[in-house]
Amino acid sequence: METTDNHIVPSHVSIIMDGNGRWAKMRNQERWVGHAEGVNRVRDVLKTAAGAGVKYLSLYAFSEENWKRSEAEVEALMSLMMKSMLGEIDNLDKEGVRFVVLGNRARLNDSLNRTIDACMARTAGNTVITLIIFLSYSGKWDILQAVQRIAAEAADHSGVAESIDMDTISSHLVTSGYPDPDLIIRTSGETRISNYLLWQAAYSEFYFTDTLWPDFGEKEFLEALDNFSKRDRRYGKTK
Ligand code: IPE
Ligand code: IPE
Ligand code: MG
């Protein structure tokens, strides 16, 4: 967390990027047109976030539930992910962005997984900003996989079960090593968490806006940061 112009800048901003389909529908276009335009906003918001001093920008790009969409839409989203990574990685690396994908990687196809690994390895040492893409992610899946790994580790060691604490769970979530989000933004007027970061959002501030993701640019992002800077985070204490 740092202060610029007397503003508290959140260290980690997370966005539930919603409304691509409705944006396309309003223009009598196919849903994928909205998803493609949404990628342009990722570029804009990443640049604005880095310029504002945000250290982690995470984006909910595809939920575990989104696998239930039509085969054509799932395929369009996966190809867009692949194409965007291949097209953007040189620039991301040049700009000092550490690129990370978190989620149920076992459900992604091999070529996408190989490309993700290559992009993550190439940018692992970058320090300007960390961009986390949550892909095939859900909060309940994350907690489940953590519990399964903790149970496997505990199976052979008596006394381990008793030693499990909050930190044990945090360190087995896929987000281990990354800070919890300070601010979670959801676009498109929906005011639900849709199985996103259930554990990690315990003390996040929420910001909901009616703006559809393909319309959410620099101005809208800075408005959210400004709104955040006026919040009073008490963490259960009195002032
Ligand atoms: C967000 O936009 C992108 C994903 C969930 C993959 P939607 O595709 O959910 O757009 P709406 O909510 O139907 O407008
Ligand atoms: C949440 O959006 C998931 C992502 C933005 C990736 P959805 O559009 O899938 O959420 P619901 O179905 O409206 O809750
Ligand atoms: Mg939606």
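Above: the structure in question.
Residues numbered from 1 in each chain as written. Chains lettered and ligands numbered in written order. Predicted model: local features only at pLDDT ≥ 70, side-chain atom pairs only at ≥ 80, totals over all residues. Heavy atoms only, no water.

Q: Could you give an account of helix α2 (residues 31-52), with specific residues and numbers?
A: Relative to the 32 Å expected for 22 residues at 1.5 Å per residue, α2 spans 31 Å between its end C-alpha atoms, a close match to the ideal helical length. Listed in full, the buried residues belonging to α2 are V33, G34, H35, G38, V39, R41, V42, V45, L46, T48, A49 and A52. Phi turns positive, to about 95°, at G53, one or two residues after α2. (Helix = DSSP H or I, 4+ residues; strand = E, 2+ residues; numbered from the N terminus. Expected span 1.5 Å × (residues − 1). Buried < 20%, exposed > 50% of the residue type's maximum accessible area, 1.4 Å probe, protein only.)

Q: Explain the site of ligand 2 to me, and be specific about the residues and the numbers.
A: Taken together, I16, M17, D18, Y60, A61, F62, S63, N66, R69, R186, R192 and S194 make up the full set of residues adjacent to ligand 2. Between ligand 2 and R186 there is a distance of 3.3 Å, counted from an oxygen atom to a side-chain nitrogen or oxygen. Within the side chain of S194, one N or O atom sits 2.6 Å away from an oxygen atom of ligand 2. Within the complex, 78% of the 390 Å² of free accessible area of ligand 2 lies under protein. Spatially, ligand 2 is embedded in the largest pocket. Looking at the shell around ligand 2, the element that brings in the most residues is strand β4 (residues 56-63), giving 4 residues. (Near = heavy atom within 4 Å. Polar contact = N/O pair within 3.5 Å; in protein donor to acceptor, adjacent residues only side chain to side chain. Areas by Shrake-Rupley, 256 points an atom, 1.4 Å probe, with all protein chains shown as cover. 1 Å grid on protein atoms, 1.4 Å probe; cavity = no way out; pocket = protein on both sides within 12 Å on 5 of 7 lines; lining within 4 Å. Sits in = over half its atoms within 2 Å of the grid points.)

Q: Can you break down the packing of α2 against helix α3 (residues 71-94) residue by residue, with the values?
A: Close contact between α2 and α3 brings their axes to 10 Å; oriented N to C, the two are set at 30°. Taken together, the axis directions place α2 and α3 in an arrangement best described as roughly parallel. Handedness of the crossing formed by α2 with α3: right-handed. Mapping the contact onto sequence places R31, W32, H35, A36, V39, R43 and L46 in α2 and E73, A76, L77, L80, S84, E88 and L92 in α3. (Axes fitted to C-alpha atoms, helices over the stretch in contact; angles between N-to-C directions. Parallel < 35°, antiparallel > 145°, perpendicular 65-115°, else oblique. Left-handed = near helix turned anticlockwise from the far one by under 90°. Contact = heavy atoms within 4.5 Å.)

Q: Run through the packing of α2 against helix α8 (residues 218-229), naming residues and quoting values.
A: Across the interface, α2 lies against α8 with an axial gap of 9 Å and an inter-helix angle of 40°. Compared by their axis directions, α2 and α8 come out oblique. Where α2 crosses over α8, the handedness of that crossing is right-handed. Of the residues in α8, those touching α2 at V45, T48, A49 and A52 are E218, F221, L222 and L225. Among the residues forming the contact of α2 with α8, the class breakdown is 6 nonpolar, 1 polar and 1 charged. (Nonpolar A, V, L, I, M, F, W, Y, C, P; charged D, E, K, R; others polar.)

Q: Lay out the packing of aromatic side chains with the relevant residues and their values.
A: A full pass over the atoms with the stated rule returns 11 aromatic pairs. Between F134 and Y196, the aromatic rings sit 5.5 Å apart at their centres with planes inclined by 90°, giving edge-to-face as the arrangement. Placement of the pair is F134 in strand β6 (residues 129-137) and Y196 in the loop between β7 (183-186) and β8 (205-208), with a sequence separation of 62 residues. The pair F134 / Y196 is uniform in exposure class, with both members buried. Following the ring pairs from residue to residue traces out a cluster consisting of Y60, F134, Y137, W141 and Y196. Taking NZ or CZ as reference, R27 lies 4.0 Å from the ring centre of W23, over its face. (Phe/Tyr/Trp six-rings, centres within 6.5 Å; stacked < 30°, edge-to-face > 60°. Lys NZ or Arg CZ within 6 Å of the ring centre and 35° of its normal.)

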